[in-house]
Amino acid sequence: MEGVKVLEAATLFAGPLAATFLGDFGADVTKIEHPARPDAARGHGTSKNGVGLWFKTLGRNKRLATLDLSQGREVFLGLVRANDVLVENFRPGTLERWGLGPDVLLSVNPRLVIARVTAFGQVGPWSNRPGFGSLAEAMSGFAAVTGEPDGPPTLPPFGLADGITALATAYAVLVALRERDQSGRGQVIDLAIIEPILMMLGGGITAYQQTGYVQPRLGNRSSNNAPRNVYRTVDGRWVAVSTSSQSIAERVVTLVGRPDLVAQPWFGTGRERAEHAAELDEAVGSWIGERSLDEVMLAFEKAEAAVGPVHDIRGIMTDPQYAALNTIVEVDDEELGGPVQMQNVLFRLSESPGSIRWAGRPHGADTDAVLAEIGVTPEQLAALRERGVV
């Protein structure tokens, strides 16, 4: 992505995380924050000495400048002229009200790719409503199928819909840039947070349309295979077992001393096994419950069956597989006075690997340099600062 310049005018998670993914592979990302109201993500999660730690990851590889778009229209247009991509998540109609709608932006930079990330999209009866990823997790059907059968719908304790949308947005930007390579023209991407997570939920729409099937809440079980659950070891740890393939299912029940189950007429398909989940859970759970985590992991490895420990953050930090993949890296950070650990880039490329060049910086750290690049003089910058525009 080196040579691609990205302007981020977005807050919280979906839009900013999409820009992070682009920056991780070399894009020159400039994040714009309001001079008096920084991105609320800075205050989410744990902090240390008043510094938000989550933002160290979310703001990595970005230059950070401040600008009030409602007052600094001409300055923003100058930035638009100098960039290839704009990622924004204002409520529909906001940019238009400031005279910064896509028609204006594309008139000053016809090659601009504009990614508009909102809760409900640019059109429709809900388009102007405020919304966050939690509403997408509810509306998409995710919450309805998550949780115990006799419990309430369950929301995830992190920004799942935002994260999925961020991946979709980065993908959409790459598609639009590829098209621009051929046509020479930019375009507008309309991405609603309620949609990507719906795609991840699989074939529920088709199943309902064709058969009327509505997936119930099953806890940690699955309607597509069994045994599939979490099981507690004798030393109080938990492991997850999955048997999405027939061969793995056969290995698991054989390992736990129930090879007779393989001969049952219902054992031949995942769907039929799921109808006998209680019997399979009893067989697997009782075997695991008599053994330590280390014993369970070693036995499953020897049997070539699928198992994984249920980690909290402490387990992640010491897991040998994550260590081998270099999933967690250290980044020097002046603001915190030392190295900061965080997730590495999403994937490994053999010829053009990404990198974390710096962690998230303080509010407005690069304002002077960013605006100087588009011709704003020190005197003009001082005047803008006096008016509260930057």
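Structural data are supplied above this passage.
Residues numbered from 1 in each chain as written. Predicted model: local features only at pLDDT ≥ 70, side-chain atom pairs only at ≥ 80, totals over all residues. Heavy atoms only, no water.

## With respect to the packing of aromatic side chains
Using the criterion set out here, one finds six aromatic pairs in the structure. Consider the rings of Phe 13 and Trp 54, whose centres lie 4.6 Å apart with planes at 20 degrees: the pair is stacked. With Phe 13 in the loop between strand E1 (5-9) and helix H1 (14-24) and Trp 54 in helix H2 (residues 54-58), this residue pair connects regions lying 41 residues apart in the sequence. Residue Phe 13 is classed as buried on the basis of its relative accessible area of 14%. Owing to a relative accessible area of 39%, Trp 54 belongs among the partly exposed residues under this scheme. Judged by centre distance (5.2 Å) and plane angle (80 degrees), the rings of Phe 90 and Trp 98 are edge-to-face. Classification of Phe 90 by relative accessible area gives partly exposed; the value is 24%. In this structure, Arg 273 packs its charged tip against the face of Phe 267, placed 5.5 Å from the ring centre. (Phe/Tyr/Trp six-rings, centres within 6.5 Å; stacked < 30°, edge-to-face > 60°. Helix = DSSP H or I, 4+ residues; strand = E, 2+ residues; numbered from the N terminus. Buried < 20%, exposed > 50% of the residue type's maximum accessible area, 1.4 Å probe, protein only. Lys NZ or Arg CZ within 6 Å of the ring centre and 35° of its normal.)

## Details of the sheet that holds strand E9 (residues 229-232)
One open sheet accounts for three strands, arranged E9-E10-E11; its pairing is antiparallel. Both edges of this open sheet fall to E9 and strand E11 (307-309), since each of them pairs with a single strand only. Adjacent strand axes in the sheet meet at a mean angle of 30 degrees when their direction is disregarded. In this sheet, E11 lies alongside strand E10 (residues 238-241) in antiparallel orientation, the contact comprising three bridges. Bridge assignment links Ala 240 to a residue of E11, and that residue is Gly 308. (Pairing = 2+ DSSP bridges. Axes fitted to C-alpha atoms, helices over the stretch in contact; angles between N-to-C directions.)

## Examining the environment of Arg 387
Structurally, the position occupied by Arg 387 is in helix H17 (residues 378-387). In the structure, Arg 387 is positioned 316 residues away from Gln 71 in sequence and 9.2 Å away in space, judged by C-alpha atoms.

## Some remarks on the side chain of Ser 223
Residue placement: Ser 223 occurs in the loop between helix H9 (204-211) and E9. Residue Ser 223 is classed as buried on the basis of its relative accessible area, which comes to 13%. Residues within four places of Ser 223 in sequence aside, it is in contact with Tyr 213, Leu 218, Arg 271 and Ala 274. (Contact = heavy atoms within 4.5 Å.)

## Comments concerning the packing of H1 against helix H7 (residues 160-183)
Packing of H1 against H7 brings their axes to within 8 Å, and their N-to-C directions diverge by 50 degrees. One finds that H1 runs oblique with respect to H7. The handedness of the crossing between H1 and H7 is right-handed. Between H1 and H7, the residues in contact are Ala 14, Leu 17, Ala 18, Phe 21 and Leu 22 and Asp 162, Gly 163, Thr 165, Ala 166, Leu 167, Thr 169, Ala 170, Val 173 and Leu 174, respectively. Grouping the constituent residues of the contact of H1 with H7 by class yields ten nonpolar, three polar and one charged. (Parallel < 35°, antiparallel > 145°, perpendicular 65-115°, else oblique. Left-handed = near helix turned anticlockwise from the far one by under 90°. Nonpolar A, V, L, I, M, F, W, Y, C, P; charged D, E, K, R; others polar.)

## Overview of the pattern of salt bridges
Per the stated rule, a full pass over the model turns up 20 salt bridges. Linking Lys 31 and Glu 8 is a salt bridge whose minimum nitrogen-to-oxygen distance equals 2.4 Å. Of this pair, Lys 31 sits in strand E2 (residues 28-33) while Glu 8 sits in strand E1, and the two are 23 residues apart along the sequence. Residue Lys 31 is classed as buried on the basis of its relative accessible area of 0%. What makes Glu 8 buried here is its relative accessible area of 0%. Of the charged contacts, one joins Glu 8 and Lys 62 as a salt bridge, the two residues approaching to 2.6 Å between their closest N and O atoms. (Salt bridge = Lys/Arg side-chain N within 4 Å of Asp/Glu carboxyl O.)

## Description of the sheet that holds strand E7 (residues 113-118)
Spatially, six strands are ordered E5-E2-E1-E6-E7-E8 in an open sheet, and the strand pairing comes out parallel. The open sheet has two edge strands, strand E5 (62-66) and strand E8 (187-192), and neither has a second partner. Across the sheet, the axes of successive neighbouring strands diverge by a mean angle of 20 degrees, strand direction being ignored. With four bridges connecting them, strand E6 (residues 85-88) and E7 associate as parallel partners. Looking across to E7, one finds that Val 85 is bridged to Val 113.

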